[in-house]
Amino acid sequence: MEALLSGIEPSEADLVQMALDMPLDKKIEKAILFYQTYCDGAYGAFSGGKDSCVIKQLAIDAGVEVDWHYNNVTIDPPELVRFIKKVHPDVKWNNPKKHLITRMIEKCCAPTMFRRWCCAEYKEQGGADSNKIIGVRIAESPRRAKLWQQIVPHRKTGKLILCPIVYWTDRDIWEFIKLRHLPYSEIYDEPFPKGTRIENPSLKYDFDRIGCVGCPLQTPAQQQQDFERWPRFKDMWYRGFVSMWNKYHGTLNAKGKPRGFEKYGSADGWWSWWTIDRKQEEAKERTRGQCMFDEMMGQR
Ligand code: SF4
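Cut-offs applied
- Residue indices follow the written sequence of each chain, beginning from 1 at its first position.
- A pLDDT threshold of at least 70 governs which residues receive local features in this predicted model, and a stricter bar of 80 or more applies before side-chain atom pairs are shown or counted, although totals over entire chains, interfaces and linings include all residues.
- Only DSSP runs of H or I reaching four residues or more are called helices, and only runs of E reaching two or more are called strands; each is numbered from the N terminus.
- For every residue, the other C-beta atoms within 10 Å of its own C-beta are counted; 20 or more classify it as buried, 12 or fewer as exposed, and values in between as partly exposed. C-beta atoms are placed from the backbone.
- This entry defines residue contacts through backbone-placed C-beta atoms, with two residues in contact when those atoms are within 7 Å.
- Put plainly, near means the residue's C-beta atom, positioned from the backbone, lies within 6 Å of the molecule or strand in question.
- Residue polarity follows a fixed list, in which Ala, Val, Leu, Ile, Met, Phe, Trp, Tyr, Cys and Pro are nonpolar, Asp, Glu, Lys and Arg are charged, and the others, Gly among them, are polar.
- To define axes, lines are fitted to C-alpha atoms, for helices over the stretch in contact only, and angles between the resulting N-to-C directions are given on a 0 to 180 degree scale.
- Working rule for angles: under 35 degrees goes down as roughly parallel, over 145 as roughly antiparallel, 65 to 115 as roughly perpendicular, anything else as oblique.
- Left-handed is the label given to a crossing in which the near helix is rotated counterclockwise from the far helix by less than a right angle, and right-handed is the label when the rotation is clockwise.
- To define a nonpolar core, we join buried Ala, Val, Leu, Ile, Met, Phe, Trp, Tyr and Cys residues through C-beta atoms within 7 Å and take the resulting set.
- When DSSP finds two or more bridges between two strands, those strands count as paired.

Observations regarding the overall build of the protein
Scanning the protein from N- to C-terminus turns up 13 helices and 6 strands. Across its three principal directions, the C-alpha atoms of the protein cover 65 × 55 × 40 Å. Looking at the protein as a whole, 30% of its 300 residues are labelled buried. Residue pairs at least 24 apart in sequence account for 70% of intrachain contacts in the protein once pairs closer than 6 positions are excluded.

Written as structure tokens, this is what we have:
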């Protein structure tokens with residue numbers, strides 16, 4: 001009998017697909033129950049993005065108290081920062097001691113897919129002593145699909161990471177925003193007129209996801225788009241590379257060896273690798289299974 005049934009039992013992938021396909025009203029119902037069961041008094045990670053707006057509203061709908069915090073990464077788009085200040089003044093700010101680029105120069109370490117030190121220092125700070133609500137969704141990337149479920153124990157503290165919208169799709173997010181008339185950052189509408197995003201949730205916009213300007217976890221094309229949209233941030237990053245080169249070129253690293261960036265020949269060579277060429281290297285490293293970091297926990 002067991003052998004007969006095993007063929008028709010849904011696999012884990014089937015169950016995940018069923019969760020993704022569930023109608024929005026059911027997802028809202030389940031999310032509210034989830035909040036009421038696990039989230040009262042939790043720490044909430046709020047980035048100002050669309051997913052954050054949704055998880056914050058769901059807590060209100062569920063009638064639970066959440067202590068919302070914004071991690072100031074210092075390189076978020078100014079429009080997003082203004083949106084948070086204006087529309088979500090109740091959110092508390094975790095401000096770092098130093099600007100991210102200043103830290104990069106100090107550490108002499110350009111962040112990459114395999115060196116996400118700034119995620120750990122800037123994006124994931126706060127809430128270590130509490131259960132933490134985050135707006136991660138598996139629909140955002142296959143990598144997230146492998147790593148995330150509704151409840152994940154933190155690997156160091158054992159506290160719970162609570163993911164109430166982990167099975168929500170992009171369309172669910174935009175439909176919920178429309179249903180609840182939630183304000184959202186104007187950047188999502190670019191380059192279309194304001195308010196059009198909400199009417200066309202499946203359209204691909206230039207800024208489907210918003211976060212650190214120039215983040216190297218994006219593709220070089222997306223990074224370039226950020227730099228065109230916010231040229232001041234491009235200057236800031238570039239000047240950071242020049243400062244690192246000028247400060248550390250010709251010196252030895254902690255192991256007494258020449259520094260890895262010397263192979264690029266100049267600050268401009270290093271910059272060009274970081275903005276254009278690094279992807280090939282990252283792809284090779286990924287195939288060799290050398291990824292050193294967990295998927296970032298912050299939502300965009
Ligand atoms: S999202 Fe990108 S730029 Fe922002 S902290 Fe993480 S790695 Fe650094």
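We are not done yet, so read on.
Things to note about the site of the ligand
In the neighbourhood of the ligand, 12 residues make up the surrounding shell, with Arg-116, Cys-118, Cys-119, Cys-212 and Cys-215 lying closest. A class-by-class count of the residues in the shell around the ligand yields 9 nonpolar, 1 polar and 2 charged.

Points about the packing of helix α4 (residues 50–62) against helix α9 (residues 170–179)
At a closest axis distance of 10 Å, the pairing of α4 and α9 adopts a crossing angle of 55°. Viewed along their axes, α4 and α9 adopt a mutual orientation that is oblique. Of the two elements, α4 crosses α9, and the hand of that crossing is left-handed. For the pair α4 and α9, the contacting residues are Lys-50, Asp-51, Cys-53 and Val-54 in the first and Ile-173, Phe-176 and Ile-177 in the second.

Topic: the nonpolar core
With 39 residues, the main nonpolar core has Cys-39, Val-54, Ile-133, Cys-163, Ile-165, Val-166 and Ile-177 as its most contacted residues. Among the elements of the structure, α3 (24–39), β1 (43–45), α4, α5 (78–87), β6 (160–162) and α9 are those that each provide at least two residues to this core. If we ignore the near neighbours within four places in the chain, the residues touching Cys-39 are Ala-59, Val-64, Val-66, Ile-133 and Leu-162. Residues Val-73, Ala-110, Tyr-122 and Val-213 belong to the second largest nonpolar core, which totals 19 residues.

Some points on the sheet that holds strand β2 (residues 67–71)
Strand order across the open sheet formed by 6 strands is β3-β2-β1-β4-β6-β5, with mixed pairing between neighbours. Every other strand in the sheet has two partners, leaving β3 (92–94) and β5 (151–153) as the edge strands with one partner each. Here β5 pairs with β6 via 3 bridges, running antiparallel. Across the sheet, residue Val-152 finds its bridge partner in β6, namely Ile-161.

Focus on the environment of Ser-11
Relative to the helices and strands, Ser-11 resides in the loop between α1 (2–6) and α2 (12–21). Judged by C-beta crowding, with 8 C-beta atoms within 10 Å, Ser-11 ranks as exposed. As a C-alpha pair, Ser-11 and Leu-58 span 47 residues in sequence and 30 Å in three-dimensional space.

Considering the environment of Ile-151
Its place among the elements puts Ile-151 in strand β5. Dropping the residues within four chain positions of it, Ile-151 is found in contact with Leu-160 and Leu-162.

Re the packing of α3 against α4
Two elements in contact, α3 and α4, have axes whose closest approach is 9 Å; the angle formed by their N-to-C orientations is 80°. Put simply, α3 runs roughly perpendicular to α4. Across from Ala-31, Ile-32, Tyr-35, Gln-36 and Cys-39 in α3, the residues of α4 making contact are Leu-58, Ala-59, Asp-61 and Ala-62. The residue makeup of the contact of α3 with α4, split by class, is 7 nonpolar, 1 polar and 1 charged.

Regarding unusual backbone geometry
Pro-191 follows Glu-190 through a cis peptide bond whose omega is 5°. Mapped onto the elements of the fold, Pro-191 is located in the loop between α9 and α10 (196–199). Positive phi is not limited to glycine here, since Cys-108 has a value of about 50°. Counting through the fold element by element, Cys-108 comes out in the loop between α6 (100–107) and α7 (117–123). Take Cys-108: there are 16 C-beta atoms within 10 Å of it, and that puts it in the partly exposed class. Look at His-181: it is not a glycine, yet its phi comes out positive at around 55°. Within the secondary structure layout, His-181 lies in the loop between α9 and α10.

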